[in-house]
Each structure stands twice: as structure tokens, then as C-alpha cells.
Amino acid sequence: MVNAGMDILDIGACSTRPGAIEVSEQEEIDRILPIIERVKKDFPTLLLSIDTFRSNVAEIALKNGIHIINDVQGGNFDPRIWEVAANYKAPYILTHSRGNSQNMQELINYENVTLDVLQELSEKIARIKKAGVIDIIIDLGFGFAKTPAQNFELLNHLAIYSMLEHTLLCGFSRKSMIYKRLNISVEESLNGTTILNTYALTKGAKIIRVHDVTEAKQIFDLLKNE
């Protein structure tokens, strides 16, 4: 992945996908520290993000060389994570979500998903800034507390989120919104992933979270204005 041109490696030890069973905080820490140590040793200049919703895990990770906090719950579980980001001057990825892995897919009642997500993110950004975080990255949370139709509605209105004036990150890679819509397998969803990544980058996204780095890098190479 490094050789293919990856810019940031996102490391997580507690799955946050819908329906996932949470591991304990201690197990998350025990899993993550050896990985961080090894990656830092082999790739000392690589930017690293910690995928966690727990402030203690985030703080330990930052102490051990992680640069960015990627919080899929947007502080809903542990608002202290914003203080940690502020104290370490770490960029903070704010993901729009509701509830947790066990109940998020029950919390999908929106009057207008595009405007509701915009409002909820705007309110959260104000709170995060008040906590002292300077660098905020926005993730609309495709697949988190959203139906497939709502995911595509957000995608179709992606440009609206530029008004939040923060870097926009999108993560579609091999998600069910692709393979269920196309009635294919996860293994067959790379082409769909590439299509959505390309669309997102033309509508204001600056960062894409992927599994397939070579193909994603080709999108950037083809779209860059040089």
C-alpha cells in the first residue's frame, strides 16, 4: 500500500461496522499498540490515523506516534476525545453517525437526509471547535445510520457540504451501498468503488478512504491539474 502511493494509514482494533460487537477498551489497546510500534519502525515518515471512538485509546495512540484521530461516532460515545485532539493538536475526523454499531441502522429517520446531516454536522463542528480542536475533517458516514437510498442522496448532494468549510473525506470502498445495488459480491465491487470515488472527487471530496490503493491513486493521477 505504501509502494502504491498511500498517503495515510488508518489503523483500528475495534470494528465499528453496523452489527459489529465491541471489544473492551483494554483489548483494543492491547491489539493496537504492537501494530503502531511495528508500522512506526518500518515506515517512520508515514502519516497514521487511529480509528477509535474512545478517548483513552486515542490518547495512548497519539503518545505512541499516531497523528490523526478518526472517530466514527463523532464524539457521541466519548466527547472527551475532542479534548484529546485539542491537547495534542491532532487533526480530528468527524464522522456523521447516530447511535452505535448495534442500533445505528434503526436510527435512519430523517426529514431530509441531506439537510439533516448538514445541520447535525454543523452543530457538532461548533462544539468541537469550542473544545479547542483546530483541524477538522468531515466524513458524511456513508453506511452509518443511513439506508442505501439515503447514501446515494447524500452523494448526489455532496457539493453542498463545501459550505462547512472543512476538508471532506469520503469512504465508499467495497461497501454494501455498491454491491447490494449492483447485486454483486464484495469481491466484484472494485469497479463500483472507483466510480463513486471519482464522482466524489469531482464534487469536492479531498480524501478517499480505500482498500485498493493502486486503483485509487490512478484516479488522483488522472484528475490532477498538471
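Just so it is clear, the model here is predicted, and its values are computed rather than measured. (Residues numbered from 1 in each chain as written. Predicted model: local features only at pLDDT ≥ 70, side-chain atom pairs only at ≥ 80, totals over all residues. Heavy atoms only, no water.)

A. Main features of the pairing of strand E3 (residues 68-71). Of the two faces of E3, the one holding Ile-68 and Asn-70 and the one holding Ile-69 and Asp-71 are both buried throughout. Here strand E2 (residues 47-51) pairs with E3 via three bridges, running parallel. The residue of E3 that forms the bridge with Ile-50 is Ile-69. In this region the chain leaves E2, passes through helix H2 (residues 55-63) and returns to the parallel neighbour E3; the handedness of that crossover is right-handed. Sheet analysis places E3 next to strand E4 (residues 92-95), joined by three bridges and oriented parallel. Paired with Asp-71 across the bridge in E4 is Leu-94. With helix H3 (residues 80-87) bridging E3 and the parallel E4, this β-α-β connection has right-handed handedness. (Buried < 20%, exposed > 50% of the residue type's maximum accessible area, 1.4 Å probe, protein only. Helix = DSSP H or I, 4+ residues; strand = E, 2+ residues; numbered from the N terminus. Pairing = 2+ DSSP bridges. Right-handed = clockwise from strand over helix to strand, strands pointing away.)

B. Geometry of the pattern of salt bridges. Under the counting rule described, the total for this entry stands at 10 salt bridges. Put simply, Glu-27 and Arg-31 hold a salt bridge, and the shortest N to O gap is 2.9 Å. Taken together, the residues Glu-27 and Arg-31, both in helix H1 (residues 25-42) and four residues apart, mark about one turn of the helix. With a closest N to O distance of 3.1 Å, Asp-221 and Lys-217 form a salt bridge. Here Lys-217 and Asp-221 lie together in helix H8 (residues 213-223), a separation of four residues that amounts to about one turn. Classification of Asp-221 by relative accessible area gives partly exposed; the value is 35%. (Salt bridge = Lys/Arg side-chain N within 4 Å of Asp/Glu carboxyl O.)

C. Representation of the sheet that holds strand E5 (residues 136-139). The strand order across the open sheet built from seven strands is E1-E2-E3-E4-E5-E6-E7, with neighbouring strands paired in parallel fashion. The sheet is open, and its two borders are formed by strand E1 (8-12) and strand E7 (207-208), each paired with just one other strand. With four bridges connecting them, E4 and E5 associate as parallel partners. Bridged to Thr-95 within E5 is Asp-139.

D. Geometry of H1. Over its 18 residues, H1 extends 26 Å from the first C-alpha to the last, a length consistent with the 26 Å expected when each residue adds 1.5 Å. Listing the buried residues of H1 in full gives Glu-28, Ile-29, Ile-32, Ile-36 and Val-39. Next to the buried residues of H1 lie E1, E2 and H2. (Expected span 1.5 Å × (residues − 1). Contact = heavy atoms within 4.5 Å.)

E. How the structure looks around the packing of helix H4 (residues 113-130) against helix H5 (residues 148-156). The geometry of H4 relative to H5 is characterised by a closest axis approach of 9 Å and an angle of 75° between their N-to-C directions. Taken as axis vectors, H4 and H5 run roughly perpendicular relative to one another. Packed against H4, whose contacting residues are Val-113, Thr-114 and Val-117, the element H5 presents Gln-150, Glu-153 and Leu-154 at the interface. Residues of the contact of H4 with H5, tallied by class, amount to three nonpolar, two polar and one charged. (Axes fitted to C-alpha atoms, helices over the stretch in contact; angles between N-to-C directions. Parallel < 35°, antiparallel > 145°, perpendicular 65-115°, else oblique. Nonpolar A, V, L, I, M, F, W, Y, C, P; charged D, E, K, R; others polar.)

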